[in-house]
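Residues per chain are reported as follows:
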Amino acid sequence: MFDNIADKYDALNHRLSLGLDKKWRCKFVINLSGKNYKTIVDLACGTGDVLKELEKLNAEKYYAIDPAERMLEHAKQKCSNADFIISTAEDIPLPENSVDLITVVFGIRNFDDLSKSTEEIYRILRKGGIISIMEFSIPKFFIFRWGFLLYLKLLVPLSGNLLPEQKKAYKYLSESIVKFARSTDIKSVFETKGFSNQGIVKLMLGSVSIYTFEKE
Ligand SMILES: C[S@@+](CC[C@H](N)C(=O)[O-])C[C@H]1O[C@@H](n2cnc3c(N)ncnc32)[C@H](O)[C@@H]1O
């Protein structure tokens, strides 16, 4: 599905978020600054917009992982400084205790098996390593919640000149946001797997959240 929308993904994201997605990615990386990371993995890296920002952290080694080959092709054009790996979060081809920071931006709700993926993240992180996740969330205050849910309903009609396959993908994108946010408590999933919560930052009136956990 992501291969089908790879060529339009960046332009549509910027248009549908009124350019705000660039700011969110920038804030996400600022939230991680001030530490030394030798090895960084951007999991579900897509077309590489986060990876590009992560280069500002000056790590020695970057890995960009995603199962969608065409999404990775776009990422390769933006960042020359990474190893690109076609793989899922459920089976990460990296050794245990080898990574200082893992990032997942708007990707976690697509994982087929969240429990297995969390175990893989735990396995490859060093003790004291950080996993940071940015994902859509449903605002608590009812007016903001109502506005956000209405926006998601309009997302597909607003996405304009799309082929039927691409329309299907954007329908999935908006539906999966609500389904995942209502069914999954990211904080308790990670705490159950042995991570300690380092804080949750809310953006856009609570419609986007950044979660940070440390491997104990
Ligand atoms: C909405 S895109 C986000 C891409 C990018 N991180 C960004 O900020 O734009 C979600 C990505 O998750 C990837 N994905 C889907 N299933 C996955 C899985 N099981 N493991 C890892 N990545 C997956 C897709 O291929 C897609 O590139």
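Because the structure is a prediction, the values reported are computed rather than measured.

Student: Break down the site of the ligand for me, with residues and values.
Tutor: The ligand sits among 19 residues. The nearest are Tyr 9, Arg 25, Ala 44, Asp 66 and Val 105. In this structure, Glu 90 approaches the ligand through a side-chain N or O atom, which is 3.0 Å from a nitrogen atom. At a separation of 2.8 Å, a nitrogen atom of the ligand approaches a polar backbone atom of Val 105. Within the complex, the protein chains bury 95% of what would otherwise be the 600 Å² of accessible surface of the ligand. Looking at side-chain class alone, the shell around the ligand contains twelve nonpolar, three polar and four charged residues.

Student: Describe unusual backbone geometry, with residues and values.
Tutor: Backbone geometry at Ala 44 places phi at a positive 60°, although glycine is not the residue there. In the Ramachandran plot, Asn 97 falls in the positive-phi region, its phi being about 50° despite a non-glycine side chain. Mapped onto the fold, Asn 97 is located in the loop between strand S3 (83-86) and strand S4 (99-105). On the accessibility criterion, Asn 97 (41% relative accessible area) is partly exposed.

Student: Residue-level account of the packing of helix H1 (residues 2-16) against helix H4 (residues 69-78), with values.
Tutor: Direction vectors running N to C along H1 and H4 enclose 30°, while the axes themselves pass 7 Å from each other. Only Glu 69, Arg 70, Met 71, His 74 and Lys 78 of H4 make contact with H1, whose side of the interface consists of Phe 2, Asp 3, Ala 6, Asp 7, Tyr 9 and Asp 10. For the contact of H1 with H4, the residue count by class is four nonpolar, one polar and six charged.

Student: Please give an account of the sheet that holds strand S1 (residues 39-43) that cites residues and values.
Tutor: Taken together, seven strands build an open sheet; the order of strands is S3-S2-S1-S4-S5-S7-S6 and the sheet is mixed. What marks the edges here is a single partner per strand, and that holds for S3 and strand S6 (195-203). Strand-to-strand, the axes of this sheet are offset by a mean angle of 15°, without reference to chain direction. Where strand S2 (residues 61-66) meets S3, four bridges bridge the pair, whose relative direction is parallel. From the neighbouring strand, Tyr 63 faces S3, where its bridge partner is Asp 83.

Student: So what's going on with the pattern of salt bridges? Residues and values would help.
Tutor: With the rule as written, the count across this model stands at 14 salt bridges. Ionic pairing is found between Glu 119 and Lys 193, a salt bridge with its closest N-O pair at 2.7 Å. Here Lys 193 lies in the loop between helix H8 (186-192) and S6 and Glu 119 lies in helix H5 (residues 114-124), a separation of 74 residues in the sequence. When its relative accessible area of 40% is taken as the criterion, Glu 119 is described as partly exposed. Among the charged side chains, a salt-bridge network with shared partners connects Asp 10, Asp 49, Lys 52 and Lys 78.

About the criteria used
Residue positions are given per chain, counting from 1 as you read along its sequence in written order. Under the rules for a predicted model, residues below a pLDDT of 70 receive no local features and side-chain atom pairs below 80 are neither given nor counted, while totals for whole chains, interfaces and linings still include all residues. The side-chain figures draw on all heavy atoms in the structure; neither hydrogens nor water molecules are used. When we say a residue is near a molecule or strand, we mean one of its heavy atoms is within 4 Å of it. We define a polar contact as two N or O atoms separated by no more than 3.5 Å, with the added condition that, inside protein, one atom must be a possible hydrogen donor and the other a possible acceptor, whereas residues neighbouring each other in sequence contribute only through side-chain atom pairs. Accessibility throughout is a Shrake-Rupley quantity obtained with a 1.4 Å probe, and a residue counts as covered only by protein chains that appear here. Amino acids outside the nonpolar list (Ala, Val, Leu, Ile, Met, Phe, Trp, Tyr, Cys, Pro) and the charged list (Asp, Glu, Lys, Arg) are all regarded as polar, and Gly is one of them. To qualify as a helix, a DSSP run of H or I must reach at least 4 residues; to qualify as a strand, a run of E must reach at least 2; elements of each kind are numbered from the N terminus. Working definition: with a 1.4 Å probe on protein chains only, accessible area under 20% of the residue-type maximum means buried, over 50% means exposed, and in between means partly exposed. Every angle, taken between N-to-C directions, lies between 0 and 180 degrees, and every axis is a line fitted to C-alpha atoms, over only the stretch in contact when it is a helix. We call two residues contacting when some pair of their heavy atoms lies within 4.5 Å. Criterion used throughout: strands pair if DSSP finds at least two bridges between them. Only one rule defines a salt bridge in this text: a Lys or Arg side-chain nitrogen within 4 Å of an Asp or Glu carboxyl oxygen.

Nothing here speaks to function; it is geometry throughout.
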